[in-house]
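The primary structure of each chain is shown beneath.
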Amino acid sequence: MGREHNIDAIPMGMKNRSSRRTTRSLSTEKWILCMIVSISACRLSAVHATCSFSSSLSHTNASFLPRRHVAAQQPSTITQHHPLHSQTSSVSKTTRRQVWTDIRGGDVDPTDDDEERYSRQVYALGSRAHSLIRTSTILLDGPPASGLLWECAKNLALSGVGHMILLKDDVNHDMPDESTNHKDTTRETRIIVPQKAYHNEVLDDLGNAYKNAARAETESSSSTNNTQNGKKTTDEKVSDLELLREYITRLNPSVQVSTMTRAEFLELGERQLLEQETNPVFLCVDRPQSIQILLNDACRKIHGRAQSSDDELEAPSMVPFVSVETAGVYSRAFCDFGPSFVVADEDGETPKPTLVQQLESTEEEGILLVRCVEGERHDVSRGDQIVFQGGGTQQSGCEGSECQIVKVHTPTRFTIKRMGQSCSDDSYVDAFMEQMNANAKTFTRVKVPRKVSFIPLSQAFTKDPSQPEGSDLFAASDLDKSFDLTRRCAVMASFASLDAFTAKYGRMPNSKSGHRDFKRFTRLLFQEKGRFSDNSSTCKENELDAEWNQFASTFSRCCAAKLAPVQALIGAIGSQEVLKAASSLYNPIRQFLLFDSDELLLHKQDAEPDEDDSEQFDSAPGLCYILGRDIAEKFRSQRLFVVGSGAIGCELLKNLAAMGAGTGGANGAIILTDMDTIEKSNLSRQLLFRDSDVGRFKAEAAREGTHRFNPKMKIEAHASKVGDDTGGQGPFTDAFWSDGFDVILNALDNIEARLYMDSQCVAQRKGLIDAGTLGPKGNMQVVVPHKSESYGSSSDPPEPAIPVCTLKNFPYEISHTIQWARDIFDGLFNRRPTQANDNSKLLSELDPTQFAKDLVHKLGDTAAVDAAIEMNEELSMENELITSSKVSGDLFLQRLRKLSLEWAATLADTLFRVSVEELLDQHPVDSVDEDGENFWSGTRSPPKALRYKSPEALDSNEDVIHQNLVNSHILEFVKTVARLRAETFLAESILSESEVKAASRFSDSDAASALTAHTELIGKRDPKGGIEKSKNVVSLVRQKLDGTYSADTSLNVVEFEKDDESNGHVAFATAASNLRAISYGIPPVDAMETRRIAGRIIPAMITTTAFVSALPCLELIKLVQKAPLSLHRNAYINLALPFFAFTSPVPADEYPGLNGKTFTLWDRIMIAESKKSLAKGGLTMKRFLRQVIKKAGGDKESTQISSVSYGPFMIYANFLHEDDDSVLDKHMWDLLKEAITSGDDDDFFAEEDESPATDMIADLSDDQKEKIAELEKKSFLDLSVIVEDVETGEEIQLPTVRISKYEK
């Protein structure tokens, strides 16, 4: 069924630009365009899906794939409501370790580092899909020297597939230069022999770069091992396939890699690929069309993954098949997942729980209207299924509430019909409506699996791409090109013609034959064109028309070579489709996808490509062959500033290395900077790093890794920050920004840094290319100097902030309770220990009354009292522990554990019972607001007080399941709080390391005992210490601080660390958040989801990263070519749907100037300080004003300067200084110094009776001194000038005015 889309149903990742994996939002017009393409994409529902882990593997020889048997005595399932909300596998770690030992021959568990290594990927894919990928078997077939094959293998290895099998040529058969289908009479086996001629490894820059990297890495390792063993290294020739196998292992040691001959694969025939589940997928790379068909047919005859009894998804009836290939700037992908492939979740988006206000009856029989709470917007569309839910864990009353959306009326209203409704009687419908109105608090979109049908490649090639039956087989990859039927037909026919050409002539079309090969290719293309339907107006001519002839020319001229960015892009798509087939996650391509960048060839010189000349090109001969020597030389000579060497940065550097960037001329170089260090979680997306690099600076490790790909590259690596707050220090000075680079390639993770880089590019009129990702979504924007808008010209709506009152008293989403838990953590274990450490010495030295007065003056009454109570708790416990430690270590340990548990139990009662009761006392459940409306309505829900109750104390009428859930979370909360509290006082412990660990570990029984003891004290003392409101505040603070404190308190201060499972931080946030969620009727979540929200983790995938990183390299070529703006492309993509939108950059806005002229943000009024002016002390304000009017095209009579500003400082205003010679005759640099030294943005110049700024340096603050020092280093200043039309009184903002300092 078709779906109605509303703008709020668009995934938020495509609307927000939030971080490194950040996605720029589209303008309304762009979104309308994009939705035309994506409107047919149906979002599916997350389901209860299961998959089986293997308990044993057989690994006997390379002829057969390893078998994964499901142990009957140890069933293993992963049950999932949504990819992010799944239970962990029940397979024991011992079993998985044994499996790995069988494979690798060592006692190593492949999943030991899974959680940390793949954490960002799991947030994108979900646990179910990730588990399937980790147990998948991928068969790869392609030329061993193909860069596309290496790219796909890299993506799959970093994604963590379980087993990769590289198909190799059959050793007993010679390989002719034609595609054949031999018959072996002894084995009755078909032997598919691929064409050698279909791939020219000399012109495959990416393949050669990968092989360089693999050799450098393996030779370095071999050299080290041989040196240690006292052996000399040898020059033994290693085959490309073995080199690839070794490289995959180094990329990800947990991936098993083996080889299989093509004959052995075909021998599998009709029988199942493996005896039990294997989850196999076949990837065919850079093979001719005829070979693809044979391999696809073979996959159709082999059974795929076996159906598990616990698996709700139907297993594929064949081995899913994916093929990808490139020819110059053209590429093609194809998918065949069988006649009944099941997609479990098409978009991977987490359904949003939406607050429901009420259900209402309608005039239509059996149809109900649903209204959302005011301010809430739903995410459903027509045909979706939803389910209603009660609050928290209380689901009673909402059973059987599944409904289908009939129509969406507004973003807050829609109509529904109950699923399976057999009776439309009004009383039946009314009863359901009353039931939901009484019990339902929210509704959530339900994801439903969908069966998708594919046809084999042999059948797909018989369909006319210009006709509806063939057109449906093509996924859109470009809003313009994909709907050009002539282009589609011509590209498909060209690939078929290339297969025929290489089969007939044993080589690729090349320049050595002059126009002869072009004519041969054209004849073959004409034959291919003839098989298209005569009903097609674009494909029915008896001879090639001009448009087809143009395609024949461009395709044949470039098809012999490979272009690295195109290989990287289509490799990312192919790899993603393989993962889709293995996991049933995301919507697969159906079935062809074509991508090209033939706009790059529009600027190529008319001369034919010279293959001999290209092969002699010492770097990137393929690039030289496709684009011509001149462009290739210019590209190599560019100075490229790569900002960031994380996931996108690594992929960019790899592509640039393959393209020969930074290897040409005296200026060609890569300038790289990144302040970050390498973490374990980086390794699943950042191919330049290895396990041994963890902890190193990314920039330095990335330089070494890039040099492995291309040792000729000149790379300057820095671990320096870029930004306004650097004060001109470090390598990135004004001189660098002016002349140090040609183009910036952003690989950043925050908006602030992006905007700064953008401002520098605009100021220096340099090109900028920015890229970002968010799970399967990505974007790329190119900023073309003098032509396009800048990155900062448009801004996304700010991320909605959570109001303080919502966090404190009225949460209604799980994100609210998780943020509340984060705030509580920071307050308890960071702010409070810091506060105690900072004030302990003052407390011991100052008079207590004076300290109390200072505290009240600094913080205010209420905050001072709270701070006094907190410091008293911290310092009193510190003193008691110090006293205990002087007696014995055992006593110290006992007191530490007892006090920590008591404090944790008190805190639990205060947060989840006392505070709730106080709130309900203030606002009873039946209270109304000032407008007479129910106070607890809309997004406000009354909380329920929570307390621990031992199983023995439960009444028979109580909800045992609910109370057990509360108990489990309270116990976990008390344990983690007690642990963190104990660790706060172990900063300088007298205990040994083992004793410290023992002291900070608490059991459920410890927590239960502490809670029971605290319950007995309820009512006997005030949990907050009994603040007496009537006392004088200073006296009250003094009272709360009463005591003797140590002057050298050193409590442990911690920062929330999301990635360390052992530190208890996420456990605390999960327990605290879920308790608050249960109290407010919000469904709780697991630790994984808590970690994502609390740690602000951005989901990431190597496939998206690789795709998005290829696009800047294509745009970089266009910047070097100086291509018109219309040929550049911004990109917005979602590999999950899949969805691709390529749009031309928006031209820079024009602003009105003087005398009817216009200007853009790229324009400048340049004023150079002359040697003569310098001799007189510098350019004066008076001379500056005259030059500005002259260069702006005005005149003295009709135009006058209204104001001149430098940043926040106004240094001239005509209403004050028009006749003020003290300002007009002063030099510009001196005026700026006075503005800085004034200390006030508005007090912008020194009075006449004040001493010069140079005499006041000694009296300046450090910040002012730093600003003046930075000013003196500048070689130019950018000023903002506003002029006034004297006749009309209209004020006009001039383009930026730049003053260049005269350099001696």
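*Asks:* Looking at this structure, how should I read the packing of aromatic side chains?
*Replies:* The geometry of an aromatic ring pair is captured by the separation of the ring centres together with the interplanar angle, meaning the angle of the planes. Tallied over the entire structure, the rule returns 41 aromatic pairs. Considering the side-chain rings of Phe-337 and Phe-454, the 5.1 Å spacing of their centres and the 40° angle between planes classify their relative orientation as tilted. Here Phe-454 lies in the loop between β18 (450–452) and α12 (457–460) and Phe-337 lies in the loop between β10 (330–336) and β11 (341–343), a separation of 117 residues in the sequence. On the basis of relative accessibility, which here comes to 2%, the residue Phe-454 falls in the buried class. Both rings, one in Phe-935 and one in Trp-936, keep their centres 5.1 Å apart while their planes meet at 85°; by these two values the pair is edge-to-face. For the residue pair Phe-935 and Trp-936, the accessibility class agrees, reading buried in each case. Ring pairs connect the aromatic residues Phe-265, Phe-282, Phe-321, Phe-334, Phe-461, Phe-474 and Phe-592, which therefore count as one cluster.

*Asks:* I keep staring at helix α21 (residues 647–658) and nothing clicks. Help me out?
*Replies:* One turn of an α-helix holds 3.6 residues; hence residues three or four places apart share an orientation. For α21, which comprises 12 residues, the first-to-last C-alpha distance of 17 Å matches the rise-based estimate of 16 Å (1.5 Å per residue) to within 8%. With 12 of 12 residues buried, α21 lies mostly within the body of the structure. All buried positions along α21 are accounted for by Ala-647, Ile-648, Gly-649, Cys-650, Glu-651, Leu-652, Leu-653, Lys-654, Asn-655, Leu-656, Ala-657 and Ala-658.

*Asks:* Looking at this structure, how should I read the sheet that holds strand β19 (residues 474–475)?
*Replies:* Sheets are built from strands that pair by backbone hydrogen bonding, the pairs being arranged parallel or antiparallel. The eight strands lie next to each other as β7-β4-β3-β8-β9-β10-β20-β19, forming an open sheet whose pairing is mixed. Looking at which strands have only one partner, the edges of the open sheet turn out to be β7 (256–261) and β19. Pairing between strand β8 (residues 280–285) and strand β9 (residues 321–327): four bridges, direction parallel. Across the sheet, the residue bridging to Val-285 is Val-324, located in β9.

*Asks:* Explain the nonpolar core to me, please; I cannot follow it from the model alone.
*Replies:* The tendency in soluble globular proteins is for nonpolar side chains to be buried side by side. In terms of nonpolar packing, the biggest core is built from 175 residues, with Phe-265, Phe-282, Leu-656 and Phe-1107 touching the most fellow members. For this core, the element with the highest residue contribution is helix α36 (residues 1102–1121), accounting for 12 residues. Dropping the residues within four chain positions of it, Phe-282 is found in contact with Leu-139, Asp-141, Leu-167, Phe-265, Leu-295, Cys-299, Val-319, Pro-320, Phe-321 and Val-322. Residues Leu-855, Tyr-948, Ala-1010 and Phe-1056 belong to the second largest nonpolar core, which totals 76 residues.

*Asks:* Even after reading the chapter, I still don't get the pattern of salt bridges, so can you show me in this structure?
*Replies:* Charged atoms that come close allow side chains of opposite charge to pair. Following the criterion strictly, the structure yields 62 salt bridges and no others. Residues Lys-1226 and Glu-1234 are paired through a salt bridge, measuring 2.7 Å at the closest nitrogen-oxygen approach. Given the relative accessible area of 6%, Glu-1234 is considered buried. Through salt bridges that share partners, Lys-481, Arg-487, Asp-596, Asp-598, Glu-599, Glu-1115 and Lys-1118 make up one connected network.

*Asks:* Honestly, unusual backbone geometry in this entry has me stumped. Any pointers?
*Replies:* A negative phi holds for most residues other than glycine; trans holds for most peptide bonds. Between Arg-590 and Gln-591 the backbone carries a cis peptide bond, its omega angle lying at -15°. Its location among the elements puts Gln-591 in the loop between α17 (564–583) and β20 (592–596). The phi dihedral of Ser-584 falls on the positive side, at around 60°, and the residue is not glycine. Secondary-structure assignment places Ser-584 in the loop between α17 and β20. Overall, the relative accessible area of 4% leaves Ser-584 in the buried class.

*Asks:* Whenever I open this one, helix α20 (residues 629–636) confuses me. Can you help?
*Replies:* Within α20, burial applies to Ile-631, Ala-632, Phe-635 and Arg-636. For α20, the arc enclosing every buried residue in end-on projection is 135°, short of the 170-degree limit, so these residues lie on one face.

*Asks:* Quick question: what am I supposed to make of the packing of helix α26 (residues 814–845) against helix α34 (residues 1065–1079) here?
*Replies:* Describing two packed helices takes the angle between their axes plus the distance from one axis to the other. Running from amino to carboxyl end, α26 crosses α34 at an angle of 130°, the nearest separation of the two axes being 8 Å. Taken as axis vectors, α26 and α34 run oblique relative to one another. The handedness of the crossing between α26 and α34 comes out as right-handed. Every residue of α34 that contacts α26 at Ile-814, Thr-817, Ile-818, Trp-820, Ala-821, Ile-824, Phe-825, Leu-828 and Phe-829 is listed here: His-1065, Phe-1068, Ala-1069, Ala-1072, Ser-1073, Asn-1074, Arg-1076 and Ala-1077.

*Asks:* I'm lost on the environment of Thr-261 in this one. Help?
*Replies:* Structurally, Thr-261 can be placed in strand β7. Separated by 91 residues in the primary sequence, Thr-261 and Asp-170 place their C-alpha atoms 5.4 Å from one another. Not counting residues within four places of it along the chain, the set of residues in contact with Thr-261 comprises Lys-168, Asp-169 and Asp-170.

*Asks:* What am I meant to see in the sheet that holds strand β16 (residues 413–418) here?
*Replies:* Here six strands make up a closed barrel; going around it, the order is β12-β13-β16-β15-β14-β17 and the pairing antiparallel. In this sheet, adjacent strand axes meet at a mean angle of 50° when their direction is disregarded. Across the sheet, helix α11 (residues 426–439) is in contact with β12 (354–361), β13 (368–372), β14 (385–389), β15 (403–410) and β16; its angle to β12 comes to roughly 150°.

*Asks:* How should the packing of helix α27 (residues 848–859) against helix α33 (residues 1033–1040) be read in this particular structure?
*Replies:* Orientation of α27 relative to α33, taken along the N-to-C sense of each, is 120°, at an axis distance of 9 Å. When the axis of α27 is compared with that of α33, the two are oblique. Our pair here, α27 against α33, has a crossing hand that is right-handed. Within the contact between the two elements, α27 uses Pro-848, Thr-849, Ala-852, Lys-853, Leu-855 and Val-856 and α33 uses Val-1033, Val-1034, Val-1037 and Arg-1038. The residue makeup of the contact of α27 with α33, split by class, is seven nonpolar, one polar and two charged.

What counts and how
- Residues numbered from 1 in each chain as written.
- Predicted model: local features only at pLDDT ≥ 70, side-chain atom pairs only at ≥ 80, totals over all residues.
- Heavy atoms only, no water.
- Phe/Tyr/Trp six-rings, centres within 6.5 Å; stacked < 30°, edge-to-face > 60°.
- Helix = DSSP H or I, 4+ residues; strand = E, 2+ residues; numbered from the N terminus.
- Buried < 20%, exposed > 50% of the residue type's maximum accessible area, 1.4 Å probe, protein only.
- Expected span 1.5 Å × (residues − 1).
- Pairing = 2+ DSSP bridges.
- Core = buried A, V, L, I, M, F, W, Y, C linked by side-chain atoms within 4.5 Å.
- Contact = heavy atoms within 4.5 Å.
- Salt bridge = Lys/Arg side-chain N within 4 Å of Asp/Glu carboxyl O.
- Arc of directions from axis to C-beta.
- Axes fitted to C-alpha atoms, helices over the stretch in contact; angles between N-to-C directions.
- Parallel < 35°, antiparallel > 145°, perpendicular 65-115°, else oblique.
- Left-handed = near helix turned anticlockwise from the far one by under 90°.
- Nonpolar A, V, L, I, M, F, W, Y, C, P; charged D, E, K, R; others polar.

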